[in-house]
Amino acid sequence: MAAITAGMVKELREKTDAPMMECKKALTEAGGDLAKAEEILRVKLGNKASKAASRVAAEGIVGIYIGTDGKLGSIIEVNSETDFVAKNDEFIKLTANCAALVAVQNPSDVGALSSLPLGEGTVESTRAALVGKIGENMTIRRFVRVEAKGRLASYIHGGAKIGVLVDVVGGDEQLAKDLAMHIAAAKPKSLDSSGVSAELLETERRIAIEKAREAGKPEAMLEKIAEGTVQKFLKEVTLLGQVFVKAEDGKQTIEQLLKGKGAAVAGFTLYVVGEGIEKKVTDFAAEVAAQAAAAAANR
């Protein structure tokens, strides 16, 4: 069995917010497998143990470009080290220019985008010059280009920390705006169940079975309970299954809303700045003390 180190316990605690002793027990039970230990904690402690899934660490902004005809657009995330730089006018301009280049020039990846002409040089030389001027690293993380089947709508929230680009077929401008706002608020993982990975569903099923078993439910009922849990999960994470955030009755789903308007969603992209990026947390006092000690040693 793998030795359970203090570092492993600390890492699991940071990912789950579970008590230290529970983390150690889970790691021991999982034989040192961090992912398995996290799953064990979710069974015991519920969704509190999935805290890391929504943790946003990196700074930056989301930029969106939509052509005048509403048919061509893009969404991009550009990261910075601090929120202060994310509010810098030149940083915002770089992001907007990159979004436009993605839509118009259709680069295959970040490397191709970086090589495109911009200003007196390229995207990369412009980025590098801005890094030199401000003294903080900046990176183009990801982007998506969309040729709409219907018409594109967008929504930017929280100082451009959340961005949505949605392709709506039919309906009107208000519906498209409402859908973009709903996506930003409810954060669906996919349009429908076909976009949810089998691995994720299997994990939810396995956790539901273990929780039901620990609650003393009969073995014969476990599969049925798990299936009900999975279906509930799908309604929560798929756009069409979610309850519309502005529903007056609190029950109308997005699928029902669209049907009533004779409309459909061809697809959407949701970006949350820094999602999935773990940012190193610096102990400022400790850093200053270390620097002072180093300076004293060099005298």
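Analysis parameters
Residues numbered from 1 in each chain as written. Predicted model: local features only at pLDDT ≥ 70, side-chain atom pairs only at ≥ 80, totals over all residues. Heavy atoms only, no water. Buried < 20%, exposed > 50% of the residue type's maximum accessible area, 1.4 Å probe, protein only. Helix = DSSP H or I, 4+ residues; strand = E, 2+ residues; numbered from the N terminus. Pairing = 2+ DSSP bridges. Core = buried A, V, L, I, M, F, W, Y, C linked by side-chain atoms within 4.5 Å. Contact = heavy atoms within 4.5 Å. Axes fitted to C-alpha atoms, helices over the stretch in contact; angles between N-to-C directions. Parallel < 35°, antiparallel > 145°, perpendicular 65-115°, else oblique. Nonpolar A, V, L, I, M, F, W, Y, C, P; charged D, E, K, R; others polar. Salt bridge = Lys/Arg side-chain N within 4 Å of Asp/Glu carboxyl O. Left-handed = near helix turned anticlockwise from the far one by under 90°.

A. Structural view of the pairing of strand E2 (residues 72–80). Among the 9 residues that make up E2, 8 are buried, leaving the element largely enclosed by the rest of the structure. Of the strand pairs in this sheet, strand E1 (residues 59–66) and E2 are connected by 8 bridges, and their pairing is antiparallel. The residue bridging Glu59 from the neighbouring strand is Ser80, located in E2. Where E1 folds back on E2, the antiparallel hairpin that results is connected by 5 residues, among which Gly70 adopts a positive phi of roughly 75°. Where E2 meets strand E5 (residues 138–147), 9 bridges bridge the pair, whose relative direction is antiparallel. Across the sheet, Ser74 pairs through a bridge with Arg145, a residue of E5.

B. Quick look at the nonpolar core. In terms of nonpolar packing, the biggest core is built from 23 residues, with Val164, Val166, Leu179, Ile183, Ile254, Leu258 and Leu270 touching the most fellow members. Elements with a contribution of two residues or more to this core: strand E7 (162–169), helix H8 (173–186), helix H11 (254–261) and strand E8 (264–272). It is H8 that provides the largest number of residues to this core, a total of 6 residues. The residues contacting Ile183, other than those within four sequence positions of it, are Val164, Val166, Pro188, Leu239, Phe268 and Leu270. Within the second largest apolar cluster, 21 residues are counted, among which are Phe91, Leu94, Ala99 and Val131.

C. Quick peek at the packing of helix H5 (residues 89–105) against helix H7 (residues 123–134). The interhelical angle for the contact between H5 and H7, taken along N-to-C directions, is 170°, at an axis separation of 11 Å. By the criterion of interaxial angle, the relationship of H5 to H7 is roughly antiparallel. From H5, Glu90, Phe91, Leu94, Cys98 and Leu101 reach across to H7, where they touch Val123, Thr126, Arg127, Leu130 and Lys133. A class-by-class count of the residues in the contact of H5 with H7 yields 6 nonpolar, 1 polar and 3 charged.

D. The arrangement of the sheet that holds E2 in detail. Across the sheet, 3 strands lie side by side as E1-E2-E5; this open sheet has antiparallel pairing. Because the sheet does not close on itself, it has two edges, and the strands there are E1 and E5. Geometrically, the sheet is characterised by an average inter-axis angle of 15° between neighbouring strands, direction not taken into account. Most of the contacts of H5 go to E2, to which it runs at about 145°, and overall it touches E1, E2 and E5.

E. Geometry of the pattern of salt bridges. Tallying each qualifying case throughout the model produces 15 salt bridges. Between Asp178 and Lys246 there is a salt bridge, and its shortest N-O distance comes to 3.0 Å. Placement of Asp178 in helix H8 and of Lys246 in the loop between helix H10 (219–237) and H11 is noted, with a sequence separation of 68 residues between them. Glu236 is the salt-bridge partner of Lys232, the closest N and O atoms lying 2.7 Å from each other. Highlighted residues: Lys232 and Glu236, both in helix H10, separated by 4 residues, approximately one helical turn. If you follow the salt bridges from partner to partner, you end up with Glu59, Asp83, Lys87 and Lys161 in one network.

F. Local environment of the packing of helix H1 (residues 6–16) against helix H2 (residues 20–29). Interaxial distance between H1 and H2 falls to 9 Å at its minimum, and their mutual angle equals 115°. If you check the angle between H1 and H2, you find them roughly perpendicular. In terms of crossing hand, the pair formed by H1 and H2 is right-handed. Across the interface between the two elements, Met8, Val9, Leu12, Arg13 and Thr16 of H1 pack against Met20, Cys23, Lys24, Ala26 and Leu27 of H2. Here the residues of the contact of H1 with H2 are counted per class, giving 7 nonpolar, 1 polar and 2 charged.

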